[in-house]
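Each chain is listed here by its residues.
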Amino acid sequence: LKLIMAVTGLLFALFVVGHMAGNLKLYLPANGGEEALDEYGAFLRSMGEPLFPHEGALWIIRAVLLVAIIAHIYGAIALTTRSKASRGKFKRTNLMGGLDSFATKSMLVTGVVLLLFIIFHLLHFTLLKPDLSDRFTSEEIKASPYDMVVGSFENPLLVLLYTLAMIALGLHLMHGVWSAAQTLGATGTPAKARLWQTVGKIIAAVVVVGFLIPPFAILLNIVGK
């Protein structure tokens, strides 16, 4: 179960880094961001053609991620249940302290927050694509990823929701990367353990900042004017 959680967790980490890089195309100068983001959206739907039908490769990726998230959630629930049963009335006392300890103790909470956010995110940007903008029509929202992103993040409430979700993602990644490295045998010495703790923090910080640049740039009218 720990191995399954480690592998699926690293898969999600790679996915969010790639997703973050795609989102940052919005920040290209002038109209480059609009064109680049729309091209990125079109690429995701056409990749693999003609070997796969239109959106075929994208649906394969979605299916793999769905199986991975189900396995990850099952592993988390099963391991937490076993841990509590084996510990009995005794509390865990060997945590690192500080932010590391908080990230460790909040893994289930941040996991639930991320699951709820993923459901909302899919409904918002993939399935329903609601018109949340005063400047773009529903047809423009559905046809252009750029219009949908800009129109959405002009709403301060959505930016706040997105920010809270990214903080949860950062905490989850910070401990998750270190935990996965430990499970896979990469933290055999104290120096290696500290190294992977640092790597987890760096990845978490880069992902959080990278994901939050576009919504705040839109909210502050730096892009999407």
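Refer to the structure above for everything that follows.
Computed from a predicted model, the values in this text were never measured in an experiment. (Residues numbered from 1 in each chain as written. Predicted model: local features only at pLDDT ≥ 70, side-chain atom pairs only at ≥ 80, totals over all residues. Heavy atoms only, no water.)

(A) Focus on the overall build of the chain. The helix and strand inventory of the chain stands at 9 helices and 0 strands. Residues classed as buried in the chain amount to 38% of the 225 residues present. Contacts spanning at least 24 positions in sequence make up 68% of the contacts within the chain whose residues lie at least 6 apart. Total accessible area on the chain is roughly 13,200 Å²; 71% of this is exposed by carbon and sulfur atoms. (Helix = DSSP H or I, 4+ residues; strand = E, 2+ residues; numbered from the N terminus. Buried < 20%, exposed > 50% of the residue type's maximum accessible area, 1.4 Å probe, protein only. Contact = heavy atoms within 4.5 Å. Areas by Shrake-Rupley, 256 points an atom, 1.4 Å probe, with all protein chains shown as cover.)

(B) Representation of helix α8 (residues 156–183) in the model. Between its first and last C-alpha, α8 extends 40 Å over 28 residues, near the 40 Å set by a 1.5 Å rise per residue. For α8, the N-terminal cap is Asn 155; the gap from its side-chain oxygen to the backbone nitrogen of Leu 157 is 2.9 Å. (Expected span 1.5 Å × (residues − 1). Polar contact = N/O pair within 3.5 Å; in protein donor to acceptor, adjacent residues only side chain to side chain.)

(C) Geometry of empty space enclosed by the protein. Under the criterion given, the structure shown has 2 cavities of 30 Å³ or more. Taken as a whole, the second largest cavity encloses approximately 50 Å³ of empty space. Along its surface, the second largest cavity is lined by Phe 117, Phe 120, His 121, His 124, Phe 125, Phe 153, Leu 158, Leu 161 and Tyr 162. Those elements giving two or more residues to the lining of the second largest cavity turn out to be α5 (107–127) and α8. Here the element with the most residues in the lining of the second largest cavity is α5; it accounts for 5 residues. (1 Å grid on protein atoms, 1.4 Å probe; cavity = no way out; pocket = protein on both sides within 12 Å on 5 of 7 lines; lining within 4 Å. Points joined across faces, edges and corners; volume = space filled by probe spheres on them.)

(D) The packing of aromatic side chains, seen in detail. Applying the stated rule across the entire model yields 3 aromatic pairs. Considering the side-chain rings of Phe 125 and Phe 153, the 6.3 Å spacing of their centres and the 45 degrees angle between planes classify their relative orientation as tilted. With Phe 125 in helix α5 and Phe 153 in helix α7 (residues 145–153), the pair connects residues that are 28 residues apart, well separated along the chain. There is no split in this pair, since Phe 125 and Phe 153 are both buried. With 4.9 Å between their ring centres and 65 degrees between their planes, Phe 153 and Tyr 162 make a pair best called edge-to-face. The same class applies to Phe 153 as to Tyr 162, namely buried. The residue whose ring lies beneath Arg 62 is Trp 59, and the NZ or CZ to ring-centre distance is 4.5 Å. (Phe/Tyr/Trp six-rings, centres within 6.5 Å; stacked < 30°, edge-to-face > 60°. Lys NZ or Arg CZ within 6 Å of the ring centre and 35° of its normal.)

(E) Looking closely at the environment of Ile 69. For Ile 69, the location among the structural elements is in helix α3 (residues 56–87). Once the C-alpha coordinates of Ile 69 and Thr 8 are considered, the two residues, 61 residues apart in sequence, prove to be 7.2 Å apart. Contacts of Ile 69, omitting those with residues within four sequence positions, involve Phe 12, Leu 115 and Ile 118.

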